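# Coordinate analysis (summary)
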Amino acid sequence: MQLNQEITTITEGKTKILIPKASLENKVPPRDVAFFNPRAKISRDFSIIAYSAFLKKFHGPKTFLDAMSGVGARGLRVANEISQVEQVFVNDLNPTALELGRKSAELNNLQNYNISEDETCRFLSSFSKKGMRGAIVDIDPFGSPTLDCGIRATVHGGIFSVTATDLQVLHGLFNDACKKKYYGTPIKTEYADEIAVRLILGCIHLVAARLDVEATPIFVENNMHYYRVYVRILNKPDTRDIMGFISHCKSCGNRGIAKDRKELCDICNAKMEVAGPLWVGNLFEKEFLKDMLEEAPNLAVDKKCGKLIEKCILESDMPGCYYTLDEVAEMRKSSPASLEKSIMRLQDNGFVSSPTSFNPTGFRTDCKINKILELFSI
Ligand SMILES: C[S@@+](CC[C@H](N)C(=O)[O-])C[C@H]1O[C@@H](n2cnc3c(N)ncnc32)[C@H](O)[C@@H]1O
Ligand SMILES: [Zn+2]
């Protein structure tokens, strides 16, 4: 391949990456000649923090499998910026993307960057044998992820990280498609992002359980364009029953997450809308978040990451289904209060409450909506 004026070099984190110039110029990065999304830098920053924190405590071959690498941005950064990593294997169907990655690896003097041109599952299958599996496996597709082969290629005790970008499906525009891809359906609410993440985690849990694998969430994050979840993989029959439903009352804003669906609202008796089946367990592992927070300042990542991880720590033991200041203000027909004051008011009245990493004006609490409205009116 001739690398010509259509190609440019950027530095992300500490890593030089060759990318098509058009990916910086267009609002939606083109897939030709190769895909690179500069706006996904923050998601790669979080990967660097999570993988680095994980590898510091992991005993075993420290291999990273990047099954849909594009120009290699994530794989190159892992190889270059995480000193503990031993081998990086990147794979894509697009030979131009791989060639750009190969040249970038040269530019960064990387000796541990291995390239494969294959279909995702064929690539991952070559690592699914015991002794060959990756400590960290990543799947970063356009749309919804294929999960079985990624789970099989992750070592016992390893991390499987997955992106989903089919936001319309996860936000309730195509419920049949969502049921087919994620085994559950969403409802449209102010906390749609949490429902989407729980649908993805529910699907991973079910697929893994079929393979006698336990997949436990340790970190999740999202922004306007994607959802990303990180789960810890253990090869043992998953006997936990952590699937359930979110029931939401559109009349009064009452909501709840539980193993069983609720038909009628226990505040106003209206019929509730139901999302699921989905993951009703924890979204974060607090100890892992603390490791991430400790690791972040040592890495070339956006300062915003540390702030977000702090919020994740605060919300890690909080109830599901957050509220937003805007929805509460709309119900009260007044302007939104400050987040800090709202959380303090709830805590002063004996409720648990925290901000949430999902939404800058979101808060979690065990206080019911009728009581929230009462407390916020004082
Ligand atoms: C969203 S991009 C990956 C971006 C990359 N991980 C990053 O951080 O810059 C998805 C990539 O998957 C590749 N791809 C799509 N379907 C594939 C398949 N079935 N097998 C292998 N690669 C595939 C595309 O060529 C594209 O480069
Ligand atoms: Zn109600």
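Refer to the structure presented above.
Here we summarise the structure given alongside this text. Numbering of residues begins from 1 in every chain and follows the order in which that chain's sequence is written. To label them, take the chains in the order written and letter them from A, then take the ligands in the order written and number them from 1. For a predicted model such as this one, the threshold for reporting local features is a pLDDT of at least 70, and the threshold for listing and counting side-chain atom pairs is 80 or more; totals across whole chains, interfaces and linings nevertheless cover every residue. Each side-chain value is derived from all of the structure's non-hydrogen atoms; neither hydrogens nor water enter the calculation.

This part takes up the overall build of the chain. Each helix and strand in the chain was counted, giving 14 helices and 15 strands. C-alpha atoms define the radius of gyration in this analysis, and the globule rule sets the expected value at 2.2 Å times the number of residues to the power 0.38. Compactness check: the chain gives a C-alpha radius of gyration of 21 Å against a globular reference of 21 Å for 378 residues, within 12% of the reference. In terms of its C-alpha atoms, the chain occupies a principal-axis envelope of roughly 65 × 45 × 40 Å. Categorising residues by exposure relies on relative accessible area from a 1.4 Å probe, with only protein chains included: less than 20% of the type maximum marks a residue as buried, more than 50% marks it as exposed, and the intermediate range marks it as partly exposed. Here the chain, with 378 residues, has 54% of them falling under the buried criterion. Note on contacts: a residue pair is in contact if any heavy atoms of the two residues lie within 4.5 Å. When contacts within the chain are restricted to residue pairs at least 6 apart in sequence, those whose partners lie at least 24 apart make up 65%. Per-residue accessibility takes into account occlusion by the displayed protein chains alone, with areas from the Shrake-Rupley method and a 1.4 Å probe. A total of about 16,800 Å² of accessible surface is found on the chain, and carbon and sulfur atoms cover 51% of it. A run of H or I in DSSP counts as a helix once it spans at least four residues, and a run of E counts as a strand once it spans at least two, with each numbered from the N terminus.

Attention shifts here to the coordination of the zinc ion (ligand 2). For Na, K and Ca the donor cut-off is 3.2 Å, and for all other metals it is 2.8 Å, counting N, O and S atoms only; because water is absent from this set, sites may look incomplete. The coordination sphere of the zinc ion (ligand 2), as far as protein atoms go, consists of C249 (SG), C252 (SG), C265 (SG) and C268 (SG), spread over 2.2 to 2.3 Å. Square planar and octahedral sites, with four and six donors, are those where opposite donors lie more than 155 degrees apart and all other angles lie between 65 and 115, tetrahedral sites have four donors with every angle between 85 and 135 degrees, and the rest are irregular. Its four donor atoms give the zinc ion (ligand 2) angles of 99 to 119 degrees at the centre, a pattern that matches the tetrahedral case. Expressed as a motif, the donor residue spacing for the zinc ion (ligand 2) is C-x2-C-x12-C-x2-C.

Only a pair of cysteine sulfur atoms within 2.5 Å qualifies as a disulfide here. As enumerated under the stated definition, the model contains one disulfide in all. Left unpaired, C321 is separated from the closest cysteine sulfur, that of C265, by 13 Å.

Working definition: a ring pair exists when centres of Phe, Tyr or Trp rings (six-membered ring for Trp) sit within 6.5 Å. Plane angles under 30 degrees give stacked, over 60 give edge-to-face, the rest tilted. Tallied over the entire structure, the rule returns twelve aromatic pairs. Look at F46 and F219: their rings are 5.5 Å apart centre to centre, the planes differ by 50 degrees, and that puts the pair in the tilted class. Taken together, the positions of F46 in helix α2 (residues 41-57) and F219 in strand β8 (residues 214-223) put the pair 173 residues apart, joining distant regions of the chain. We note that F46, like F219, is buried. For the ring pair F363 and F376, a centre distance of 5.9 Å and an interplane angle of 40 degrees mean the geometry is tilted. Of this pair, F363 sits in strand β15 (residues 359-365) while F376 is found in helix α14 (residues 369-376), placing the two residues 13 residues apart along the sequence. Taking the relative accessible area as the measure of exposure, F363 reaches 0% and is therefore buried. On the basis of relative accessibility, which here comes to 10%, the residue F376 falls in the buried class. Aromatic rings pair up to connect F46, Y51, F64, F219 and Y230 into one cluster.

Another aspect to go through is the site of ligand 1. Whether a residue is near a molecule or strand is decided by its heavy atoms; if any one of them lies within 4 Å of it, the residue is near. In the vicinity of ligand 1, 17 residues are found, and the nearest of them are M68, D92, E119, T120 and D140. Between M68 and ligand 1, the recorded distance is 3.0 Å, taken from a backbone N or O atom to a nitrogen atom. Here a polar contact is recorded for every N or O atom pair within 3.5 Å, except that within protein the pair must consist of a potential hydrogen donor and a potential acceptor, and residues adjacent in sequence are included only if both atoms are side-chain atoms. Within the side chain of E119, a nitrogen or oxygen atom sits 3.0 Å from a nitrogen atom of ligand 1. Looking at the shell around ligand 1, the elements with two or more residues in it are α3 (73-81) and β4 (87-92). Its residues placed into classes, the shell around ligand 1 shows six nonpolar, five polar and six charged. Asp, Glu, Lys and Arg are counted as charged, while Ala, Val, Leu, Ile, Met, Phe, Trp, Tyr, Cys and Pro are counted as nonpolar; the rest, among them Gly, fall into the polar class.

Each strand in a sheet pairs with another by means of backbone hydrogen bonds, the pair being arranged parallel or else antiparallel. With respect to topology, three strands assemble into an open sheet ordered β11-β10-β12, the strand pairing being antiparallel. The outermost strands of the open sheet, each flanked by one partner alone, are β11 (255-258) and β12 (273-279). Pairs of neighbouring strands in the sheet enclose a mean axial angle of 15 degrees, with direction left out of account. Only C-alpha atoms enter the line fits that serve as axes; for helices the fit covers just the stretch in contact. Angles between N-to-C directions range over 0 to 180 degrees. Strands β10 (243-248), β11 and β12 of the sheet are contacted by helix α9 (residues 192-210), whose axis makes an angle of about 45 degrees with β12. Strands are treated as partners if at least two bridges between them are detected by DSSP.

So, on to the pattern of salt bridges. Every case where a carboxyl oxygen of Asp or Glu lies within 4 Å of a side-chain nitrogen of Lys or Arg is listed as a salt bridge. Counting across every chain of the model gives 30 salt bridges. R210 is paired through a salt bridge with D148; the nearest N and O atoms lie 3.1 Å apart. One end of the pair, R210, is in helix α9; the other, D148, is in helix α6 (residues 148-152), and 62 residues separate them in sequence. For R210, a relative accessible area of 55% corresponds to the exposed category. For the salt bridge of R364 with E194, the shortest nitrogen-to-oxygen distance reads 2.9 Å.

This part takes up the packing of α2 against helix α10 (residues 286-295). One way to put it is that α2 packs onto α10 with a least axis distance of 9 Å and a crossing angle of 110 degrees. It follows that α2 is roughly perpendicular to α10 by the angle criterion. On the side of α2, the interface is formed by F46, I49, A50, S52, A53, F54, K56 and K57, while α10 contributes F288, D291, M292 and E295. Any angle that is under 35 degrees is reported as roughly parallel, and any over 145 degrees as roughly antiparallel; angles of 65 to 115 degrees are reported as roughly perpendicular and all others as oblique.

Next up on the list: the layout of surface pockets. Within this model, the largest pocket holds a volume of roughly 970 Å³. In terms of lining residues, the largest pocket is bounded by 38 residues, among which F35, N37, D140, P141 and F142 are the most central. Put simply, the parts of the chain that give the lining of the largest pocket at least two residues each are α2, α3, β4 and β9 (226-234). Looking at the lining of the largest pocket, its residues break down into 14 nonpolar, 13 polar and eleven charged. We place a 1 Å grid over just the protein atoms. Points where a 1.4 Å probe fits but has no way out form a cavity, open points with protein on both sides within 12 Å along at least 5 of 7 lines form a pocket, and any residue with an atom within 4 Å of a point lines it. Grid points are joined across faces, edges and corners, and a volume is the space filled by probe spheres set on the points. For the second largest pocket, the calculated volume is near 550 Å³. Secondary-structure elements contributing two or more residues to the lining of the second largest pocket are α2, β8, β9, α11 (303-315) and β15. With five residues, α11 is the single largest residue contributor to the lining of the second largest pocket. Split into classes, the residues belonging to the lining of the second largest pocket amount to eleven nonpolar, five polar and eight charged.

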